[in-house]
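What follows is each chain in one-letter form.
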Amino acid sequence: MSLTLTCPICGKRNGYEFRYGGEDKGPRPAEEGLSPRSWCEYVHMNKCVAGVQKEWWFHRDGCGTWFTTHRNTLTNLEVEEPEATS
Amino acid sequence: MNRLNNLPTLRINPSEKLTLKYKGRTFQGVSGDTVATALFANGVRVFARSLKYHRPRGLYSLDGECSNTCMEVDGLPNVRTENTLLKDGVTVKEQNVVGSADRDMMGFMDKLDWMMPAGFYYKTLHKPAWVWPLAMKQVRKTAGLGAISPDFRIKGRYDEIYPKADVCVIGGGAAGMSAALAAAESGRRVILLEARPWLGGCFDYRSAPYEDGRPLYERARELATQVRETPNIRVFTQAPVIGVYNNNLITAFQTGGPEDSFTERYIQIRAAGLVVAAGCIERPLLFDNNERPGVMQVGCAHRLARTYGLLPGTQAVFSVGHDLGLEAAIDLFDLGLKISCVADIREDGQNPELLLGLKERKIAFLRGWVATDVEGGKSIKKAHLSTVDGTISKSFECDVLIASAGLTPVTGPVTVAQGKTAYDHHTGYFLVTETPKGMHVAGRMTGLNHCRSIEASGRLAGLQAVADCGLDRAADIDAAEKTLAMLPGPERGAKLVTAPVKGRKTFICFDEDTTIKNIKQAIEMGFDVPELIKRFTSAGTGPGQGGIPGHNLPLYVAKYEALDTKPPKPTTVRAPLTPTLIAAYAGANHDMHKRTPAHHIQKAAGGVFRRIGVWRRARYFSQDFTCREEILNVRNNVGMLDASTLGKFRVHGPDALKALQRVYVSDIAKLKEGRVKYSAMCNDDGCVIDDGVIVKQGENDYYLTTSTARAGATAEWFRYHTRYEGWNFAVVNLTDAMGVVNISGPNARKVLEKVVDADISNEAFPFSGYREFTVAGAVPVRAMRLGFVGELSYELHVGASYMPTLWKIIEEAGKEFGIQPFGVEAQNVLRMEKCHIILGQESEQRTNLLDVGLGFLWDRKKTDAKTVGAAALKQTEGDTGRLTLVGFQMEDSARAPRDGSIIVDNRVRGYVCTARRSFSLNEAVGMALVDSQLSDIGTRLEIFEDECNGQRLYCKVVPKPFYDPEGKRMKM
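Residues numbered from 1 in each chain as written. Chains lettered and ligands numbered in written order. Predicted model: local features only at pLDDT ≥ 70, side-chain atom pairs only at ≥ 80, totals over all residues. Heavy atoms only, no water.

Thoughts on the overall build of chain B
To keep things clear, this is the line we draw: Going along the chain from the N terminus, every DSSP run of H or I of four or more residues is numbered as a helix, and every run of E of two or more is numbered as a strand. Per-residue accessibility, obtained with a 1.4 Å probe over protein chains only, is compared with the maximum for each type, and a residue is labelled buried under 20%, exposed over 50%, and partly exposed between these values. Contacts are assigned to residue pairs that have any heavy atoms within 4.5 Å of one another. In this count, Lys and Arg are taken as positive residues and Asp and Glu as negative ones, while His and the chain termini are left out. In this description, the location of a charge corresponds to atom NZ of lysine, CZ of arginine, CG of aspartate or CD of glutamate.
When helices and strands are tallied, chain B shows 23 helices and 49 strands. The principal-axis extents of the C-alpha atoms in chain B amount to approximately 115 × 75 × 60 Å. Scored against the burial criterion, the 972 residues of chain B give a buried share of 58%. For chain B, long-range pairs separated by at least 24 residues make up 66% of all intrachain contacts whose partners lie at least 6 apart in sequence. The averaged location of the 111 negative side-chain charges in chain B is 2 Å from the averaged location of its 122 positive side-chain charges.

Details of unusual backbone geometry
Residue and element names in this part refer to chain B. In this structure, Pro 576 follows Ala 575 across a cis peptide bond, with omega equal to 0 degrees. When you line up the elements, Pro 576 lands in the loop between α14 (552-561) and α15 (582-586). Cis rather than trans, the peptide bond between Lys 960 and Pro 961 has omega equal to -10 degrees. Its location among the elements puts Pro 961 in the segment after β49 (953-958). Look at Asn 96: it is not a glycine, yet its phi comes out positive at around 50 degrees. Mapped onto the secondary structure, Asn 96 falls in the loop between β7 (90-93) and α2 (120-123). Its identity is not glycine, yet Lys 866 carries a phi of approximately 50 degrees, on the positive side. With respect to the helices and strands, Lys 866 occurs in the loop between α22 (824-833) and α23 (870-876).

Describing the environment of Asn762(B)
Residue and element names in this part refer to chain B. Our working rule: In protein, a polar contact means a hydrogen-donor-capable atom and an acceptor-capable atom, both N or O and within 3.5 Å, with residues adjacent in sequence counting only if both atoms are side-chain atoms; elsewhere, any N or O pair within 3.5 Å suffices.
Inspection of the secondary structure assignment puts Asn 762 in the loop between α20 (748-753) and β40 (770-775). Each C-alpha atom, one on Asn 762 and one on Lys 971, is 7.9 Å from the other, the two residues being 209 residues apart in sequence. Not counting the four nearest positions on each side in its chain, Asn 762 is found in contact with Arg 749, Phe 767, Arg 785, Lys 971 and Met 972. At 3.0 Å, the side chain of Asn 762 forms a polar contact with the backbone oxygen of Lys 971.

What to know about the nonpolar core
Side chains that are nonpolar tend, in soluble globular proteins, to be buried together. Residue and element names in this part refer to chain B. Basically, it comes down to this: Within this scheme, the nonpolar core is defined by two criteria: the residues are buried Ala, Val, Leu, Ile, Met, Phe, Trp, Tyr or Cys, and they are joined through side-chain atoms within 4.5 Å.
Membership of the largest hydrophobic core comes to 54 residues, with the highest contact counts inside it found for Leu 20, Leu 39, Phe 318, Leu 332, Val 342 and Ile 402. Here the element with the most residues in this core is helix α1 (residues 35-41); it accounts for six residues. Filtering out sequence-adjacent residues up to four positions away, Phe 318 remains in contact with Gly 325, Ala 328, Ala 329, Leu 332, Leu 337, Ile 339, Cys 341, Val 342, Ala 343 and Ile 402. Ala 343, Cys 398, Leu 401 and Ala 499 belong to the second-largest nonpolar core, a separate cluster that totals 34 residues.

Quick look at α22(B)
Residue and element names in this part refer to chain B. In terms of residue burial, α22 counts as a mostly covered element, since 10 of its 10 residues are buried. As for α22, its buried residues are in contact with β31 (608-612), β32 (615-620), α17 (628-636), β33 (639-642), β46 (908-918) and β47 (923-931). Of the residues flanking the end of α22, it is Cys 835, one or two places downstream, whose phi is positive at about 55 degrees.

Quick notes on the side chain of Glu833(B)
All names here are of chain B. As for its placement among the helices and strands, Glu 833 is situated in helix α22. Overall, the relative accessible area of 0% leaves Glu 833 in the buried class. Once you skip the residues sitting within four places of it in the chain, Glu 833 turns out to touch Arg 635, Ser 918, Phe 919, Ser 920, Pro 961, Phe 962 and Tyr 963.

Observations concerning the pairing of strand β13 (residues 249-255) of chain B
Residues and elements named next belong to chain B. Using the following cut-off: Only strands joined by at least two bridges in the DSSP assignment are considered to pair.
By the criterion of burial, β13 is predominantly enclosed, with six of the seven residues buried. Looking at chain direction, strand β12 (residues 241-245) and β13 are connected through four bridges and run antiparallel. Bridged to Val 244 within β13 is Ile 250. Connecting β12 to the antiparallel partner β13 that follows it, the hairpin turn spans three residues, and Asn 247 within it adopts a positive phi of roughly 50 degrees. Relative to strand β14 (residues 264-270), β13 runs antiparallel, the two being bridged by seven bridges. Following the sheet pairing, Ile 250 is matched in β14 by Ile 269.

Side note on the environment of Leu356(B)
Residues and elements named next belong to chain B. Within the secondary structure layout, Leu 356 lies in helix α8 (residues 352-360). Owing to a relative accessible area of 48%, Leu 356 belongs among the partly exposed residues under this scheme. Each C-alpha atom, one on Leu 356 and one on Val 779, is 94 Å from the other, the two residues being 423 residues apart in sequence.

Focus: the packing of helix α6 (residues 298-306) of chain B against helix α7 (residues 323-334) of chain B
Residues and elements named next belong to chain B. Worth spelling out the cut-off: For helices, the fitted line uses only the C-alpha atoms of the stretch in contact; every axis is such a line through C-alpha atoms, and the angle between N-to-C directions lies from 0 to 180 degrees. Put simply, angles under 35 degrees are roughly parallel, angles over 145 are roughly antiparallel, angles from 65 to 115 are roughly perpendicular, and the rest are oblique. Working rule for handedness: look at the near helix, and if it is turned counterclockwise from the far one by less than a right angle, call the crossing left-handed; if clockwise, right-handed.
The interhelical angle for the contact between α6 and α7, taken along N-to-C directions, is 30 degrees, at an axis separation of 10 Å. It follows that α6 is roughly parallel to α7 by the angle criterion. Of the two elements, α6 crosses α7, and the hand of that crossing is left-handed. Contact with α6, carried on its side by Val 298, Ala 301, His 302, Ala 305 and Arg 306, involves Leu 324, Gly 325, Glu 327, Ala 328, Asp 331 and Leu 332 of α7 and no other residues of that element.

What to know about the pattern of salt bridges
Note the following rule: When a carboxyl oxygen of Asp or Glu lies within 4 Å of a side-chain nitrogen of Lys or Arg, that pair is called a salt bridge.
In this structure the tally under the stated criterion is 66 salt bridges over all chains. For Arg60(A), the salt bridge is made with Asp61(A), and the minimal N-O distance between the two is 3.6 Å. What makes Arg60(A) partly exposed here is its relative accessible area of 36%. The salt bridge partner of Arg361(B) is Glu360(B), with a shortest N-O separation of 4.0 Å. Accessibility expressed as a relative area gives 21% for Arg361(B), which makes it partly exposed. Using a relative accessible area of 55% as the deciding quantity, one classes Glu360(B) as exposed. Taken together, the shared-partner salt bridges connect Arg55(B), Arg57(B), Asp110(B), Asp113(B), Glu291(B), Arg504(B), Lys505(B) and Asp513(B) into one network.

Things to note about the pairing of strand β24 (residues 400-403) of chain B
All names here are of chain B. Residue alternation in β24 divides its side chains into two sets, Val 400 and Ile 402 and Leu 401 and Ala 403, and both sets are buried. Bridging between strand β17 (residues 295-296) and β24 involves two bridges; their strand directions are parallel. Within β24, the residue paired with Met 296 across the bridge is Ile 402. By the bridge criterion, four bridges tie strand β18 (residues 315-320) to β24 in an arrangement that is parallel. From the neighbouring strand, Ser 319 faces β24, where its bridge partner is Ala 403.

Considering the interface of chain B and chain A
Heads up, the condition is: By convention, the term buried area covers the 1.4 Å-probe accessible surface removed from two parts as they join, with the contributions of both added. Following the grouping adopted for this structure description, the nonpolar residues are Ala, Val, Leu, Ile, Met, Phe, Trp, Tyr, Cys and Pro, the charged ones are Asp, Glu, Lys and Arg, and the polar ones are all others, Gly among them.
Taken residue by residue, the interface counts 27 residues in chain B and 34 residues in chain A. Among the residues of chain B in contact with chain A, Glu716(B), Tyr724(B) and Lys866(B) are the three that bury the most area, contributing 26% of the side total. A salt bridge links Arg19(A) to Glu716(B), with the nearest nitrogen and oxygen atoms 2.6 Å apart. When contributions to the side of chain B that touches chain A are tallied by element, the ones reaching two or more residues are β13, β14, α19 (714-720) and α23 of chain B. Top element by residues in the side of chain B that touches chain A is α23(B). It accounts for five residues. Residues of the side of chain B that touches chain A, tallied by class, amount to nine nonpolar, nine polar and nine charged.

Topic: the sheet that holds strand β8 (residues 158-161) of chain B
Neighbouring strands of a sheet are bound in pairs by backbone hydrogen bonds; such pairs are parallel or else antiparallel. Residues and elements named next belong to chain B. Pairing is mixed across the open sheet formed by four strands, whose spatial order is β8-β14-β13-β12. Only two strands of the sheet have a single neighbouring strand rather than two, namely β8 and β12. Along the sheet, successive strands turn relative to each other by an average axial angle of 15 degrees, direction set aside. Examined bridge by bridge, β8 and β14 share four bridges and lie parallel to one another. Directly across from Tyr 158, in β14, lies its bridge partner Glu 264.

Description of the sheet that holds strand β4 (residues 52-58) of chain A
All names here are of chain A. A sheet is described by the order of its strands in space; here four strands give the open sequence β3-β4-β5-β6, paired in antiparallel fashion. The strands lining the two open edges of the sheet, one partner per strand, are β3 (19-23) and β6 (77-78). Relative to strand β5 (residues 66-72), β4 runs antiparallel, the two sharing seven bridges. For Gln 53, the partnering residue across the bridge sits in β5 and is Arg 71.

Re the packing of aromatic side chains
Let me state the cut-off plainly: Stacked, edge-to-face and tilted labels apply to pairs of Phe, Tyr and Trp rings (six-membered ring for Trp) whose centres lie within 6.5 Å, assigned for plane angles under 30 degrees, over 60, and everything in between, in that order. Only when the NZ atom of a Lys or the CZ atom of an Arg is both within 6 Å of the ring centre and within 35 degrees of the ring normal do we say a charge sits over the ring.
Applying the stated rule across the entire model yields 17 aromatic pairs over all chains. Both rings, one in Tyr22(B) and one in Phe27(B), keep their centres 6.2 Å apart while their planes meet at 45 degrees; by these two values the pair is tilted. A relative accessible area of 1% places Tyr22(B) in the buried class. Owing to a relative accessible area of 7%, Phe27(B) belongs among the buried residues under this scheme. When the ring of Tyr60(B) is compared with that of Phe510(B), the centres are 4.8 Å apart and the planes differ by 75 degrees; the resulting orientation is edge-to-face. Separated by 450 residues along the polypeptide, Tyr60(B) in the loop between β4 (56-57) and β5 (70-73) and Phe510(B) in the loop between β29 (507-509) and β30 (514-515) bring together distant segments of the chain. Just as Tyr60(B) is buried, Phe510(B) falls in that class too. Each residue in the set Phe58(A), Trp66(A) and Tyr720(B) is aromatic and connected to the rest through ring pairs, giving one cluster. The ring of Tyr703(B) carries Arg782(B) above its face, with NZ or CZ at 4.5 Å from the centroid.

Interpretation note: all reported values are geometric properties and have no functional meaning in isolation.
Encoded structure:
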């Protein structure tokens, strides 16, 4: 409820306006030769970082853009500069 | 009772009389009274009985910090009558009593406290196990607060608002008002929240001199006027804060007055800067029988006189620990209260002017003395006092004991937002040491007591909050910091934890009847931190939200454990900081829905509307909900349907085809202009989520429809699944911009031919064709030949504003053929007879494309497109034990099972998706998702239906579709 996100087009808005799109996992793997296991991992497995993660958000009640942002999952605050993660 | 009617500080209007009913009698109050003060004015001293011991309880804090004055008002239980303004004609009742609050038959419980040590529920009453249900019944009868009737319907209007602010200020006292004024100087929008019905805080009722010699209440009114006259400050009074969250999200609720459009409303504010100036409440003094009616806090007694014109009693004893107590004694003496003595916990450190004031009035003053006990039951007769060490004692006759150990800051708004507090040895407070970003604290809650310091800290915090909005106020902040540094800082506070008593009847928490003795017992049992002791003894878990024990509990625990390695640690405060009605959270019951452009026309034609998804749609066109006439008219003649709720999109741009290939399972590259392609979308699990048609209008320019339910999510879906690609295409949602009329039935062509300027013969415009032409020489339409209901059918898409016109044109043209509108239910039956599925009805979360028999849509050669769902479909292809969609025919042709009935043998094997009595076939038919083992033609299925009285229904699996299996009718 208290989350705010910064849309690249509309700026900082209430979290209500957005839909979460999951962790940033990179582009879809090629379908040819894809094993069930690696497909399942791409779709369903998450890192569930306790800290800063890069993730997708959709500005549903706004411009309709998908964008990535960094959020600290421990504080539920968007972070401007992602901390270096090893 | 005679009121002090001429005080300048009054917040009542003595000339405006109001009435209330209590105990069958009609009492009189005045405008501005709370329910509790009106009762007090009529001589009521016992307002309630306590939770466990049924001890009489009276007015104690006048700020809602305990359940002492919780009563039932007009059927609503647990109303804090001390902060509820009196409305004319209300009926008030006491709670948790057998008899009345004055004469409670359960009063004997007080004598049984020896039977109920801390945690006695946990230790007794559960062995043997059958004891508990019996005991529970008794406990529920004797303990508790108000009861609510199951038939209770709350009255009033409830609302919610989300006002915008740059700076929000919590607390409308001197500090809060100064902060708001300072923040407003730069023109930013400021919101000020105040829990009481007026601004002024602790200046409001005091006649002590402000810096320039004027009384404090005049200064408070001056500040309030300035605030009210500043156009960019929006003030909410009677608006206590519920919670404060990340990024300065503040929630509150406001009680409306007689002129307001709401009874209560929820307020949610997001601010860049936040000032918390919530002030202090009093720290209760712990001594024996410290909650008898007649014992009250300093602020309660003082405000009762100054704000409501009611003297708290006739003969008073004061036992205080703060200069505010001495100030109140002097002021109340001047107003006519007789004072036996004033005992101060502190040996020294009092304001000399106040001591002089006491001396001038010949009021006995005892340094280092404290109340230890009071005599009396429903009123007090005598107060026993002793030195703080308990060696010497004295008694005084009195009918009111004004007792308070000092002050305690209201840090809830800070700590719920993850701010930190720490025990401060100078003030004896838990002071805020760390605030979240953008939050600033000010005023009395920072330990300040001097009136100028309070205002200066408010100004500083207000400026800091404006700086959080991105304004450069460094110079002003610097100056304000210097001003504050020159003024008196926090004062030393009294630290006495309890009077020298054993504590059997010393209540640390009034709401839960928790005594000092209970706390000792809990510590002896090994509970070492306040957080655990709170849960074990339930101290601070009542309606007062820890207002009474919040400060004393950690202090007492620290003292009793005598470990100086552990600083006292208060228990966690949680939202709601002030409880409110669920109705306020619920707000008004808005039915937000969409209407199609043909809504009114259908209404006029007798449409019966139902909420379907976000829409209100015409579901029936008569009171016959089987829709017999509507169905037969489509099958034998022609009908028209408003299909405007279909999702409609234009997808165009250089990469439009790539995007379509990604989300649709079919190969869209094969689509020819002038043709309609039916296809479906899956999710990444291969589960089918949507179906619809696609039309190619030009190179990389497509028009497509989705199901009604998916209309809202389709643009998001396209963009989500292409988010890494950087493709150049646009998705335009035309759902609300376009209306759709569907003309279906054997006579459909005859109707349409009359009004179009194009050749629409079966050869020129065949099934699955797409054409653009003009209706009546004026209305441009996009026409598709589809067959959802299984008849010759045209779907006309037009700009929404043309819809009513087009509808009338078609209706007029169809008159000679007997065209009739049909609703969503008729369409549902018609398409079911054709086994055309509706996703969500013939599918659920786990149903994939293959399960519903749409596998033929899937083009498995286009792997380069990375089609959503294709990888998963490949994996599930050989799976056994999935649910499969089958058609079935009932053995009893007159009886269709209800949708959702389950298919059983000795376990659940599937469920009925849609089943109806079919007028076209004279059979009862339907579709069901069943275990694939049961999907062979001819399998007998057993259906269990709710209310079937043990009688199972039987059907057999038959080939799909039921109606016109060759599909000739829609192609004719």
